[in-house]
Amino acid sequence: MAGQVILAIVIGLMIGGLLGVLIWKIWMVRHRRIEKQAEMARSEAQYLQILDSLEVLCRVVNQKQVELSEAAIRISALLDSLPADISPKVDVSDIHQFAQTCQQFDRGDTRQGLTARARHNQDNYRWQLEEEQEVVVGDAVQRLVTVLPSWRVLLLSGSSK
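These numbers come from a predicted model, not from an experiment.

Participant: Could you clarify how one ought to interpret helix α1 (residues 2-62) in this entry?
Facilitator: Within an α-helix, residues lying three or four positions from one another point in the same direction, as the helix has 3.6 residues per turn. Taking 1.5 Å per residue, 61 residues should reach 90 Å; α1 reaches 89 Å between its end C-alpha atoms and fits that length. Regarding α1, the residues found buried are Met 28, Tyr 47, Leu 48, Ile 50, Leu 51, Leu 54, Leu 57, Cys 58, Val 60 and Val 61. Count one or two residues on from α1 and you reach Lys 64, which has phi positive near 55°.

Have a look at this one:
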């Protein structure tokens, strides 16, 4: 009789343990799902902010309210923040290439450390490059403007393909 009681207790503990593990796994799945949804919402909001910034930058480039080199660097960085598989695809390589070319110029504290003559020389060279690349980069900005609404719809729907 005592053996049957001990066996019943052991079986009860095993069943309780299995139920505990099952409940814990269900809770973890639910918790991961909630975290994933929150992460997707954060990503979606971040992508929409990026698209808003791209629209503003494209507008000010078209209106010539910003130096082309500064805009190209910012646009390039923002484009790199979007999903790589976003579609429709658009050729913005000219923006990336010009932004890469502009990385050679000193900025921030490094620029402040330059002599006035060195800053002036860099500015003149940068302005010359901007003038040479204005049409090419401007065309790439126009191509980008045409796909931004489609990208917004895709990112709002939660799919970047």
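There's plenty left to go through after this.
Participant: Could you clarify how one ought to interpret the nonpolar core in this entry?
Facilitator: In a soluble, globular protein the nonpolar side chains are often hidden away together inside. Grouped together as the largest cluster of nonpolar side chains are 33 residues, with contacts concentrated most on Leu 54, Ile 75, Leu 82, Leu 144 and Trp 151. Of all the secondary structure elements, the ones that give two or more residues to this core are α1, α2 (68-80), α3 (93-102) and α5 (116-156). Non-local contacts of Leu 54, meaning those with residues more than four positions away in its chain, are made with Ile 75, Leu 78, Leu 79, Leu 82, Leu 144 and Leu 148.

Participant: Can you help me understand unusual backbone geometry in this one?
Facilitator: With omega at 5°, the peptide bond leading from Ser 87 into Pro 88 counts as cis. Tracing the backbone through its elements, the reader meets Pro 88 in the loop between α2 and α3.

Parameters at a glance
- Residues numbered from 1 in each chain as written.
- Predicted model: local features only at pLDDT ≥ 70, side-chain atom pairs only at ≥ 80, totals over all residues.
- Heavy atoms only, no water.
- Helix = DSSP H or I, 4+ residues; strand = E, 2+ residues; numbered from the N terminus.
- Expected span 1.5 Å × (residues − 1).
- Buried < 20%, exposed > 50% of the residue type's maximum accessible area, 1.4 Å probe, protein only.
- Core = buried A, V, L, I, M, F, W, Y, C linked by side-chain atoms within 4.5 Å.
- Contact = heavy atoms within 4.5 Å.

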